[in-house]
Amino acid sequence: MLLTNGETASGALAQGPRWATEQVLSLAPDDASRKAGSKLGAAGPWSTAGCDASGAVWGLCKGSGSRPYQTVVDTTGPAYKCSCPSRKFPCKHALGLLLLWASDERSVRAGDAVPDWAEEWLSGRRARAAGQDRAAAGSGTSARSADPEAAGRRAERRAERITAGATELEQRLADLLRGGLAAAEQSGYGLWEETAARMVDAQAPGLAARVRELGAIPGSGPGWPVRLLEECSLIHLLDSAWLGRERLPEPLAATVRTRVGLSSSADGSAVRDRWLVLAQYDSSDSKLTTRRIWLYGRESQRAALLLSFGAAGRPPRLALPVGLMLDAEVTAHTGSGPRAELGEQFTPPVAIDAPPPGGPCASAADTYGQALRADPWLDSWPVTLSGVIPVRDGEGWQLVDADGGDALSVAPAVLARPGLWKLVALAGGRPVTVFGEFGHRGFVPLTVWPADMSETVPLI
Amino acid sequence: MTRTASTSPWEDLVTSALLGTDRRTPPSGPTPAGKDAPVALLDAAALHTVRRRAGLRPATRAGGSPPEPAPHDARRALPEPARRRLVQLLADRAGPAGSGGRRGTTPDLTELLPQWLAAANEHGYRAPASVLPGLLDAARARTDLRPQALEFAGPRGLWLARLNPEWKYALRGGSTGSALPAVDDAEAVRKLWEEGLFAERVALLTALRAHDAGAALALLGTTWSTERAEDRLMFLDSLRAGLSDADEPFLEQALSDRSRNVRATAAELLSALPRSALAGRMAARAASCVAIDRSGDAAAAIVVEAPHECDADMQRDGIVPAPPSGRGERSWWLGQLVEAAPLSVWPGRLGGRSAREIVALPVSDDWAEELHAAWCRAAARQRDADWSRALLGTPATPPSTGPGTTSPAERSKLLAALPDDERASWVAEFIAAHGLSEAFQLLGVCAVPWAEPLGRAVVDALEIARDAGSYPWSFSGVMGLAERCLSPEEAGRLEVLTATPDDQEDASPGAGSYWSEAFQRLVSTLRLRATMHAELTA
């Protein structure tokens, strides 16, 4: 979907571009919705469907009842409204409408007047969004100024609890090392679950999450003692850093606070840029679905990570289709590496014009190494590789510099994903540009551009 | 990280950690003295860990020569809307959700994939690389998709399939077109024929047969006597395509093959050549069994004298001597003789009558069913339109009283021998007269999209079925066919049927709304097919 000539790009801007089918499908909360939405992505059940330049798409979908469902989508959000009773979000009607919009310009015509029922929600939503911005601007200061002393006392009490927790955790790690990691193989998850619960009590969710992950390492295959020692030592490093945080330079101290589990806030300055949406993927545990969206600022030349969360089994609300470029403000968090919040979007998104600038394999390793200076607990860092070829390496895969002997191993966790095969197919044994995360576990490819740069293809 | 001859400092740390500092003192690291041994160990380990991660270098590329890039595919790129459509069809392929009786009003996308692939191949489009994995997965699950999917996937698809064991199926059978040598490269053809795997050899023989039937036969002849019996059978089977009188000497010789299956197949192929010696022998044998009764002076009738023995010559010509249980051996032999005899023998034998007149003749002593069934099989095997027409009879005649056969499967084979438009009108008239309940198999052999009279007949019959008050899922087979085969131009005419009629008194409860739903799905599927084809012709 890359637009290479200016005329098309500006034309798309005026009309608001229609998305690719993959982009629409990437918004589906689960497989069932994806299938149900695909079935509705045909003209049959739809009537009065249209879209306008502000990014609104609407339509009436005939369901099993007598009244058709009213479906509206604001693609700039994207945000959805449908009169159906589904609790899926977006519902199959919204997905079907977007698929129809993406694929059939005759069925979803541009330029029709917005029907009243759609206009009501759209204008209400836009008014609310504007109101929220003002409220956020106001409340940010008011909450802080409400009772600064009480807030300070609360923060102090929490810090004391965390300190007690970190001290206890240090003790437990020392005991573990004294008795030997070999013993940890027998004790199983129980030991770690209990310790993690203690860290939750100590209000240090960051420590708790790390401790819980230790439980899975014994018995995770050959080399587990090495991995267990590495992770134990990094928890120890975090404990010590927290206990000695007064002596750390401020940026590192902020990182330590976030890593321990104190929430960071988006208090950097807002950067307006053309942000490329490079990747979006979800991970979930028993309680929470976490969505990660990688952005790259065309002018600021930096990556930003948007996080959004949903209760277990529910998709997070924020969804940005890969391959779009937003003219928007993004505000960085302090002490959270690349994490940022998406602010105001100024124009409807357009298709991205070119991948971010990339480098050879060696540059990815360098970039990760540099990033560890600010945050030694980083598992990986976003990088763009250009001119690399996917090559089989025994059971696994490598990305190899097209000219040179360097290579990055693809992370073992990726090998079972269908996205890897898409990457291999697109490359066809020739050099491509790949965006992904590189770290000590290897490279995780997230997005690929074929040699002719004709499309942006998400791999996850 | 440097390694000492024995162990590295990091390995020392791991060993101490594993055993416990109480049992093994960790190596002294750059830690200030005065710390507990475990803490000092963790300090050193953290330092090592971060240092190792920060100092990560790229791996060296895996040994061996770099892989061969995917071969160039010169076909045209797929138009963007068509590409989106394909992604959508593939995304739905895991099967319709809840494929119970009620299918909702939206098209069944999975069923449209074969059509889409066939159309894309006809236009000569190249498969976009990003859909290849999805395409190969889809064809892995559905064997009926494979030929079309693999043709569309093209050389890059095969290149990719070689890298993933799950797609091994793509490399089997006759689909490895790109791996075969050019059929006119005699040297390469001979080499592959002599050294290739069985699947490659079958593919080669098939390709060569399509290009130059005689050359294929000659190639097969070079190694015929040394092939294994089951391989001989497969090779012989591939001669079915492009069968001609030139194959007769080879097939005649194969009648003396050691393997019974090879002999039977050779006989079957020969009987499809009306000028062959075998066909002549069969004609003589069959003719001696069937004659016009001249004894009475009443209307002419056929008399049948079934063979009394199945001699060695008959067996050599492919007649199976032992009947299946429950059949008399004489009628069993007769059926095989008539089936293998060229139909052209009968007009001369039976008083210069045409096929239609012969079929209309009465047959003495209850032989009619046996004789007509054998003629049906012969007409289907010899693809004889005249005889097929005669044996099918007029479509309005109820199947049970007509000539020939009552079995829809046999009738659909006879229909296949008729020209496209004649076939469509025959089935249309059949449906108009008898409704849809026995039409499913007959519809299956009609050319897609259905010709106008046929489409109209099906729609009318569906409307009648609705008005009769039955449920639409009694017709789900025909409905499914209609969704795939009706011409998209019928969509407009069908629109009026999508309204929910008032339930009639004698109708099944709620049938009206189910019919409305079924017709909506039919209309939306037709519209989608029209859009699909428009996207591909862009």
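Parameters at a glance
Residues numbered from 1 in each chain as written. Chains lettered and ligands numbered in written order. Predicted model: local features only at pLDDT ≥ 70, side-chain atom pairs only at ≥ 80, totals over all residues. Heavy atoms only, no water. Patch = residues over 30% accessible without salt bridge, like charges linked within 9 Å, V, L, I, M, F, W, Y side chains within 5 Å. Areas by Shrake-Rupley, 256 points an atom, 1.4 Å probe, with all protein chains shown as cover. Salt bridge = Lys/Arg side-chain N within 4 Å of Asp/Glu carboxyl O. Lys, Arg positive; Asp, Glu negative; His and termini not counted. Charge placed at Lys NZ, Arg CZ, Asp CG, Glu CD. Helix = DSSP H or I, 4+ residues; strand = E, 2+ residues; numbered from the N terminus. Buried < 20%, exposed > 50% of the residue type's maximum accessible area, 1.4 Å probe, protein only. Contact = heavy atoms within 4.5 Å. Axes fitted to C-alpha atoms, helices over the stretch in contact; angles between N-to-C directions. Parallel < 35°, antiparallel > 145°, perpendicular 65-115°, else oblique. Left-handed = near helix turned anticlockwise from the far one by under 90°. Nonpolar A, V, L, I, M, F, W, Y, C, P; charged D, E, K, R; others polar. Domains from an automatic or database assignment. Buried area = accessible area lost by both parts, 1.4 Å probe. Disulfide = S-S within 2.5 Å. Phe/Tyr/Trp six-rings, centres within 6.5 Å; stacked < 30°, edge-to-face > 60°. Lys NZ or Arg CZ within 6 Å of the ring centre and 35° of its normal.

### Overview of a positive patch on the surface
All names here are of chain A.
Right, so step 1: Together, Arg153, Arg154, Arg157 and Arg161 make up a positively charged patch on the protein surface.
Right, so step 2: Among the secondary structure elements, arginine 157 is positioned in helix H6 (residues 148-179).
Right, so step 3: On the basis of relative accessibility, which here comes to 46%, the residue arginine 157 falls in the partly exposed class.

### Topic: helix H11 (residues 361-374) of chain A
Right, so step 1: Taken residue by residue, H11 of chain A has Cys361, Ala362, Ala364, Ala365, Tyr368, Gly369, Ala371 and Leu372 of chain A as its buried positions.
Right, so step 2: Elements that come into contact with the buried residues of H11 of chain A comprise strand S11 (380-393), strand S12 (396-401), strand S13 (406-409) and strand S14 (432-439) of chain A together with helix H2 (37-54) of chain B.

### So, the pattern of salt bridges
Residues and elements named next belong to chain B.
Right, so step 1: Using the criterion set out here, one finds 58 salt bridges over all chains in the structure.
Right, so step 2: When the shortest N-O distance is used, the salt bridge between glutamate 252 and arginine 316 registers 3.4 Å. With glutamate 252 in helix H11 (residues 248-254) and arginine 316 in helix H14 (residues 312-316), this residue pair connects regions lying 64 residues apart in the sequence.
Right, so step 3: When its relative accessible area of 31% is taken as the criterion, arginine 316 is described as partly exposed.

### Looking at the packing of helix H1 (residues 9-19) of chain B against H2 of chain B
For any two helices packed against each other, one specifies the crossing angle of their axes together with the interaxial distance.
All names here are of chain B.
Right, so step 1: At a minimum axis separation of 10 Å, H1 and H2 run at an interaxial angle of 135 degrees. Classified by the angle between their axes, H1 and H2 sit oblique to one another. In the crossing of H1 with H2, the sense of the turn from one axis to the other is left-handed. On H2, the residues touching Pro9, Trp10, Leu13, Ser16 and Ala17 of H1 are Leu41, Ala44, Ala45, His48, Thr49 and Arg52.
Right, so step 2: Looking at the contact of H1 with H2 residue by residue, the class counts come to seven nonpolar, three polar and one charged.

### Side note on the domain arrangement of chain B
All names here are of chain B.
Right, so step 1: Looking at the assigned domains, one finds that chain B contains domain 1 (9-54), domain 2 (79-86 + 107-178), domain 3 (180-273), domain 4 (277-406) and domain 5 (419-538).
Right, so step 2: On a C-alpha basis, the centroid separation for the pair domain 2 and domain 5 is 29 Å.
Right, so step 3: Of the residues lining the interface, 14 residues belong to domain 2; the matching set on domain 5 comes to 13 residues.
Right, so step 4: Carbon and sulfur atoms make up 67% of the area that domain 2 and domain 5 hide from each other, which totals about 1,400 Å².

### Looking at the state of the cysteines
Two cysteines whose sulfur atoms are joined by a covalent bond form what is called a disulfide.
Right, so step 1: Scanning the model with the defined rule gives zero disulfides over all chains in all.
Right, so step 2: Among the cysteines around cysteine 82 of chain A, which has no disulfide bond, cysteine 84 of chain A carries the closest sulfur, lying 3.6 Å off.
Right, so step 3: You can call cysteine 82 of chain A buried: its relative accessible area is 15%.
Right, so step 4: Free of any disulfide, cysteine 310 of chain B has its nearest cysteine sulfur in cysteine 289 of chain B, 11 Å distant.

### Some remarks on the domain arrangement of chain A
Right, so step 1: Parsing chain A into structural domains produces domain 1 (13-124), domain 2 (159-260), domain 3 (270-351) and domain 4 (361-458).
Right, so step 2: Placing a centre on the C-alpha atoms of domain 2 of chain A and another on those of domain 3 of chain A gives a separation of 29 Å.

### Considering unusual backbone geometry
Right, so step 1: For the peptide bond that leads from valine 448 of chain B to proline 449 of chain B, omega is -10 degrees, which places it in the cis range.
Right, so step 2: Its location among the elements puts proline 449 of chain B in the loop between helix H22 (440-444) and helix H23 (452-467).
Right, so step 3: Here the phi dihedral of glutamine 203 of chain A falls at roughly 60 degrees; this positive angle occurs in a residue that is not glycine.
Right, so step 4: Take glutamine 203 of chain A: it is sitting in the loop between helix H7 (182-201) and helix H8 (205-214).

### A short note on the packing of aromatic side chains
Right, so step 1: Counting across every chain of the model gives 14 aromatic pairs over all chains.
Right, so step 2: Ring-pair connections join several aromatic residues into one group, and the members of that group are Trp397 and Trp421 of chain A together with Trp167 of chain B.
Right, so step 3: Sitting over the ring of tryptophan 242 of chain A, arginine 245 of chain A keeps its end group 3.7 Å from the ring centre.
Right, so step 4: The ring of tyrosine 169 of chain B is capped by arginine 146 of chain B, whose NZ or CZ atom sits 4.2 Å from the centre of that ring.

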